[in-house]
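# Notes for the structure review
What follows is each chain in one-letter form.
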Amino acid sequence: MIAAPASLAVELLLWPLLGASFSAAALGWGAASGVASAAAFALLYRTLAIGPMNVLSPVTALVSAALPVGVGLLQGEHLAIAGLVGLPLALVAVVLVSAGNGAGSVRPSRTALLLAFGAGAAIALQLVFLHQAPADSGVAPLIVGRAVSSTVTLGAAGLMHRKLGPERPAYATSAAAGALDSMANLLFLLASRSGDLAVVAVIVALYPAGTVLLARGVLAERIHRGQLVGLGTAAVAVSLLALT
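These numbers were taken from a predicted model, which means no experiment stands behind them.

Moving on, we get to the overall build of the protein. Looking only at helices and strands, one finds 10 helices and zero strands in the protein. Secondary structure elements of the protein occur, N-terminal to C-terminal, as α-α-α-α-α-α-α-α-α-α. Here the C-alpha atoms of the protein give a radius of gyration of 18 Å, agreeing with the 18 Å that 2.2 N^0.38 yields for 244 residues. By its C-alpha atoms, the protein is 50 × 45 × 35 Å across when sized along the principal axes. For the protein, the residues scored as buried account for 40% of the 244 residues in total. At a minimum sequence separation of 6, the contacts of the protein that also span at least 24 residues come to 91%. With the model as given, the accessible surface of the protein reaches about 12,700 Å², and the carbon-plus-sulfur share is 70%. Across the protein, the mean location of the 11 positive side-chain charges is 17 Å away from that of the 7 negative side-chain charges.

Here we take up the pattern of salt bridges. One pass over the structure, following the stated rule, counts two salt bridges. Between Arg146 and Glu11 there is a salt bridge, and its shortest N-O distance comes to 3.7 Å. Of this pair, Arg146 sits in helix H6 (residues 140-159) while Glu11 sits in helix H1 (residues 3-18), and the two are 135 residues apart along the sequence. The exposure class of Arg146 is buried, given its relative accessible area of 5%.

So, about the confidence of the model for the protein. Here the protein shows a mean pLDDT of 85. Residues at 70 or above account for 95%. Mean pLDDT values over the elements of the protein span from 78, in helix H9 (residues 207-219), up to 93, in H1.

What follows is about a nonpolar patch on the surface. A grouping of Met1, Leu154, Leu159, Met160 and Leu164 is seen on the molecular surface, where their side chains present a nonpolar patch of about 540 Å² in accessible area. Counting through the fold element by element, Leu164 comes out in the loop between H6 and helix H7 (171-194). A relative accessible area of 47% places Leu164 in the partly exposed class.

Before going further, it helps to spend a moment on the side chain of Ser137. Its location among the elements puts Ser137 in the loop between helix H5 (110-132) and H6. Since its relative accessible area comes to 1%, Ser137 is described here as buried. Look past the residues within four positions of Ser137 in its chain and what remains in contact with it is Gly19, Ala20, Ser21, Ala26 and Arg193.

This next bit is on the environment of Gly195. As for its position among the elements, Gly195 is in the loop between H7 and helix H8 (197-204). When its relative accessible area of 29% is taken as the criterion, Gly195 is described as partly exposed. Separated by 144 residues in sequence, Gly195 and Gly51 place their C-alpha atoms 35 Å apart.

Nonpolar side chains tend toward joint burial in soluble globular proteins. With 16 residues, the main nonpolar core has Val69, Leu87, Ala90, Val94, Val202, Leu206 and Leu241 as its most contacted residues. Listed by contribution, the elements that provide at least two residues to this core are helix H3 (53-74), helix H4 (81-99), H8 and helix H10 (225-242). Ranked by residues supplied to this core, first place goes to H4 with four residues. If we ignore the near neighbours within four places in the chain, the residues touching Val94 are Ala61, Leu62, Ala205 and Leu206. Among the nonpolar cores identified, the runner-up in size contains 14 residues, and Leu14, Val139, Ile143 and Leu186 belong to it.

The interhelical angle for the contact between H6 and H7, taken along N-to-C directions, is 140°, at an axis separation of 10 Å. In this view, H6 runs oblique relative to H7, as classed from their interaxial angle. Considering the relative orientation of H6 and H7, their crossing is right-handed. Here H6 contributes Pro141, Leu142 and Arg146 to the contact with H7, which in turn contributes Asp181, Ser182, Asn185, Leu186, Leu189 and Arg193. Across the contact of H6 with H7, the residue classes tally to four nonpolar, two polar and three charged.

Rules used throughout
- Residues numbered from 1 in each chain as written.
- Predicted model: local features only at pLDDT ≥ 70, side-chain atom pairs only at ≥ 80, totals over all residues.
- Heavy atoms only, no water.
- Helix = DSSP H or I, 4+ residues; strand = E, 2+ residues; numbered from the N terminus.
- Rg over C-alpha atoms; globule rule 2.2 N^0.38 Å.
- Buried < 20%, exposed > 50% of the residue type's maximum accessible area, 1.4 Å probe, protein only.
- Contact = heavy atoms within 4.5 Å.
- Areas by Shrake-Rupley, 256 points an atom, 1.4 Å probe, with all protein chains shown as cover.
- Lys, Arg positive; Asp, Glu negative; His and termini not counted.
- Charge placed at Lys NZ, Arg CZ, Asp CG, Glu CD.
- Salt bridge = Lys/Arg side-chain N within 4 Å of Asp/Glu carboxyl O.
- pLDDT = per-residue confidence, 0-100.
- Patch = residues over 30% accessible without salt bridge, like charges linked within 9 Å, V, L, I, M, F, W, Y side chains within 5 Å.
- Core = buried A, V, L, I, M, F, W, Y, C linked by side-chain atoms within 4.5 Å.
- Axes fitted to C-alpha atoms, helices over the stretch in contact; angles between N-to-C directions.
- Parallel < 35°, antiparallel > 145°, perpendicular 65-115°, else oblique.
- Left-handed = near helix turned anticlockwise from the far one by under 90°.
- Nonpolar A, V, L, I, M, F, W, Y, C, P; charged D, E, K, R; others polar.

As structure tokens, this is what we get:
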């Protein structure tokens with residue numbers, strides 16, 4: 001409820017700086033990305049609530065990376081040799097980094113796996129829809145998409161207000177998360193307009209590496225052996241993809 005409107009506010013502030021052209025294509029693809037964004041957050045949080053996270057998180061991340069790769073290749077994108085090597089390495093790194101400690105994990109239910117696939121697919125669709133928006137539309141797709149996702153989120157919250165509980169949210173932290181999410185979407189949009197969707201989407205899917213490093217530095221959490229291998233693999237993969 002807090003993060004989505006905060007993201008919209010940031011994107012409206014970017015409008016005078018980066019411009020926006022609200023063509024029919026920008027409106028359509030932006031609205032589609034907004035619906036996918038709202039679905040992605042709902043499915044992702046539900047997936048993580050069911051668990052086990054060390055199994056479901058890699059599934060979500062891998063699906064969110066693989067689908068845009070397929071779309072990009074179907075649209076005629078071609079990778080150099082470095083990219084052909086770096087792409088599968090990056091997908092392996094996504095799984096290793098986001099899996100965490102696999103010891104003692106329980107087998108996920110069929111519902112949990114379906115939710116994980118759904119969350120990954122919704123994230124992928126959001127990226128694909130933003131990529132399809134016209135390159136000269138500025139931040140219009142982001143503004144439209146965030147307006148739609150804010151409407152969906154607030155509407156759902158209104159219908160479920162009796163189930164939300166009396167606890168007040170952390171307004172500042174939630175707003176900061178929304179602002180960071182908005183900047184992430186902007187950087188993806190700029191990157192996809194100047195590069196291949198297949199490459200950009202896979203690099204985006206490596207975001208768990210940043211989470212792992214922050215958890216180590218800020219929360220003093222232990223980095224497991226598999227995650228260390230994944231971080232090294234991610235570094236090699238990104239270097240290869242950069243050569244494309």
